[in-house]
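Structural characterization, general
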Amino acid sequence: MSDETDETRLTFRGGPAASAVPVAFFVVWAIVQSGLLGIGDTTGLVVGMLLGLIAGLFFVRGDWKAYADVVFDGMTKRVAATAIVAWLWAGMFAATIQTGGFVDGLVWAASVVDVGAALFPAVSFLLAALLATGIGTGYGTAIAFTALVFPAGVLLGASPVLLFGAILSGAVFGDNLAPVSDTTIVSAVTQDADIGGVVASRFKYAIVAAVLAFVAYLVAGSAMAGAPLEGAAGITEAARPLGLVHLLSIGVVIGTAINGRHIVEAVSWGLLLSIALNVVLGLAPASAMLAFRAPESAGVAQSLDAVPVVGSVVSVVPAAESGVGGSLYSGAAGFFPLIVLVLLIVAGAEVMQRGGGFDAVQSFLLDRVATSVRRAETTMVLGTATVNAAITINTAAEIAIAPYISRLGTRFNINGYRRANILDANTSALGYIFPWGGGVLAGFTAMQGLPAEYEWFTASMLVNPASVWPFVFHGWFLVAVFLLAAWTGYGREYVSDRRSGEVSRV
């Protein structure tokens, strides 16, 4: 629905607070499943969210149809589709260059320049930050680096949980600072600030947190480093540098994105180049990227063997082994449970929005807590944290809290740049910290495919999403920087200090 006044409003037994039942049920479920029981199963989280939405039905006053309609409205939100597209394209891209031996190339390069287990997390943080800033999607970076850089670091003896945290930290940096990031655009537009000015004004906060995070990864990397895996020496010696040719594929993605192209176009060009490099250089056969395994009973399959291109990706197998495979298939299919989960979570957030839950929290903070500029900015930070705990997609959380940030900032005459920076930094950071956050689950989903890719990668090396939150150093430092800035006034600007240029809405 395009007009907010036409949106269906919900009333609940227990008042606006009861509209949070679906999301609250899911959060408790996620804490029990991932935190207490140590089960990292995305489909299990889907069940938790489904049951949460069902539980919400029993608190609704009036016709349940209105509640069901709001659930459908939430699942069709553009913000959810944006995250889904990023995951699918990034998943196919990462799986394809992984098939082309990029991890082998990284292992070879790390051994040549002597990047050991202690230094690997810090270097991974810097490289992930560079990629995320270039392509503008922290989710895509989390997927690509977990699929490609993570196994190389684990092989060399880096701490898996620290390395995963470093990758997520790099994603936070890029999501927060990239001019083409959805969170950057949303934060600027909703606070009536121009994108260029917002990016320039937030660099001083991001770089302080990044320097602290880099030092923290150096220290923690040394303290938590282990020995290379048994047999790693043989794997390192057998590693081929040719896989590094896919740096060209990554460069095409970054360059195309920086030139203002849509992320779908940017990743598509990188994907096509990676496929071409795999085939032309003999890094992987066409069947490793796309394979049709037809049952013997399908006579058409045998006739296709004579067609050169088609025959290379079609094979005849027993009926029980038939199906579609390859990096394009597995790279996309691995994210299907996460896609369903995100749609359901955004639906739960929409229920809370239409039921007045967010408005109640915001009104309380606005009227009772934010009584001075210092306290107002502090509640902006804490308010974004609260919303991010409920909504796992950071852009969706940002959209939900943005009107409150604007109202509060306008009341105290706080500049649009400052408001946009507080809004974006904390939604970017916390979206990669909470165990049920979209960025964390995107990386974990990519990680779950690694045991099938490498014989030496065992299930015990998988990092439970509930254990990584203390190690997302850049995220925590970014939140701390803004809390400190709120209390000390560091970087604070008022409307009269600087005028925003025309707001860019593209």
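Higher on the page you've got the structure.
Notes on the structure follow. Bear in mind the structure is a predicted one, so any value in this text is a computation, not a measurement.

Of all hydrophobic cores here, the largest spans 146 residues; its most connected members are Phe26, Tyr67, Trp87, Phe120, Phe150, Leu341 and Ile391. Here this core gets 13 residues from one element, more than from any other, and that element is helix α7 (residues 138-156). Tyrosine 67 has contacts with Leu10, Phe12, Pro22, Gly52, Leu53, Gly56, Leu57, Val60 and Val351, leaving out every residue within four places of it along the chain. Ala193, Val198, Val199 and Tyr417 belong to the second largest nonpolar core, which has 7 residues in total.

This next bit is on the pattern of salt bridges. Close approach of charged atoms allows side chains with opposite charge to pair. On inspection of all chains with the given rule, the structure shows 6 salt bridges. Here arginine 354 ties to aspartate 73 by a salt bridge, and the two come within 3.2 Å at their closest N and O atoms. Taken together, the residues span a long stretch of sequence, with arginine 354 in helix α18 (residues 336-354) and aspartate 73 in helix α3 (residues 64-75) at a distance of 281 residues. Of the charged contacts, one joins arginine 354 and glutamate 350 as a salt bridge, the two residues approaching to 2.8 Å between their closest N and O atoms. Residue arginine 354 and its partner glutamate 350 are both found in helix α18; the two are separated by 4 residues, about one turn of the helix. Comparing arginine 354 with glutamate 350, the two get one shared label, buried. Connected via shared salt-bridge partners are Asp73, Glu350 and Arg354.

Looking now at the pairing of strand β1 (residues 291-295). As paired elements, β1 and strand β3 (residues 323-325) share 3 bridges and run antiparallel to each other. If you follow alanine 291 over to β3, its bridge partner there is glycine 325. Bridge analysis of β1 against strand β2 (residues 314-317) gives 4 bridges, and the strand direction is parallel. Counterpart to alanine 294 in the pairing with β2 is valine 316.

So, on to helix α1 (residues 21-36). Along an α-helix, a turn takes 3.6 residues, which lines up residues three or four apart on a common side. Look at α1: 21 Å from first C-alpha to last across 16 residues, which is about the 22 Å you get at 1.5 Å a residue. By the burial criterion, the buried members of α1 are Pro22, Val23, Phe26, Val27, Ala30, Gln33 and Ser34. Taken end-on, α1 shows its buried residues confined to a sector of 140 degrees, consistent with a single buried face. Exposed side of α1, more than 90 degrees from the buried face: Val28 and Leu36 are the residues found there. Where α1 is buried, its residues meet α2 (42-57), α3, α18 and α20 (373-390). Immediately beyond the C-terminal end of α1, within one or two residues, lies glycine 38, with a positive phi of roughly 70 degrees.

Let us look at the sheet that holds β1. Read across the sheet, 3 strands follow the order β2-β1-β3 without closing on themselves; strand pairing throughout is mixed. If you trace the sheet from one side to the other, it starts and ends with β2 and β3, each paired once. Taken pair by pair, the neighbouring strands of this sheet meet at an average axis angle of 25 degrees, ignoring direction.

Let us look at unusual backbone geometry. With glycine set apart, most residues show a phi of negative sign, and most peptide bonds adopt trans. The phi dihedral of aspartate 192 falls on the positive side, at around 55 degrees, and the residue is not glycine. As for its position among the elements, aspartate 192 is in the loop between α9 (182-190) and α10 (195-224). Classification of aspartate 192 as partly exposed rests on a relative accessible area of 48%. Even without glycine at this site, asparagine 413 takes up a positive phi of about 65 degrees. Here asparagine 413 lies in the loop between α21 (394-411) and α22 (416-430).

Cut-off values and rules
- Residues numbered from 1 in each chain as written.
- Predicted model: local features only at pLDDT ≥ 70, side-chain atom pairs only at ≥ 80, totals over all residues.
- Heavy atoms only, no water.
- Core = buried A, V, L, I, M, F, W, Y, C linked by side-chain atoms within 4.5 Å.
- Buried < 20%, exposed > 50% of the residue type's maximum accessible area, 1.4 Å probe, protein only.
- Helix = DSSP H or I, 4+ residues; strand = E, 2+ residues; numbered from the N terminus.
- Contact = heavy atoms within 4.5 Å.
- Salt bridge = Lys/Arg side-chain N within 4 Å of Asp/Glu carboxyl O.
- Pairing = 2+ DSSP bridges.
- Expected span 1.5 Å × (residues − 1).
- Arc of directions from axis to C-beta.
- Axes fitted to C-alpha atoms, helices over the stretch in contact; angles between N-to-C directions.

Purely geometric numbers; function is a separate question.
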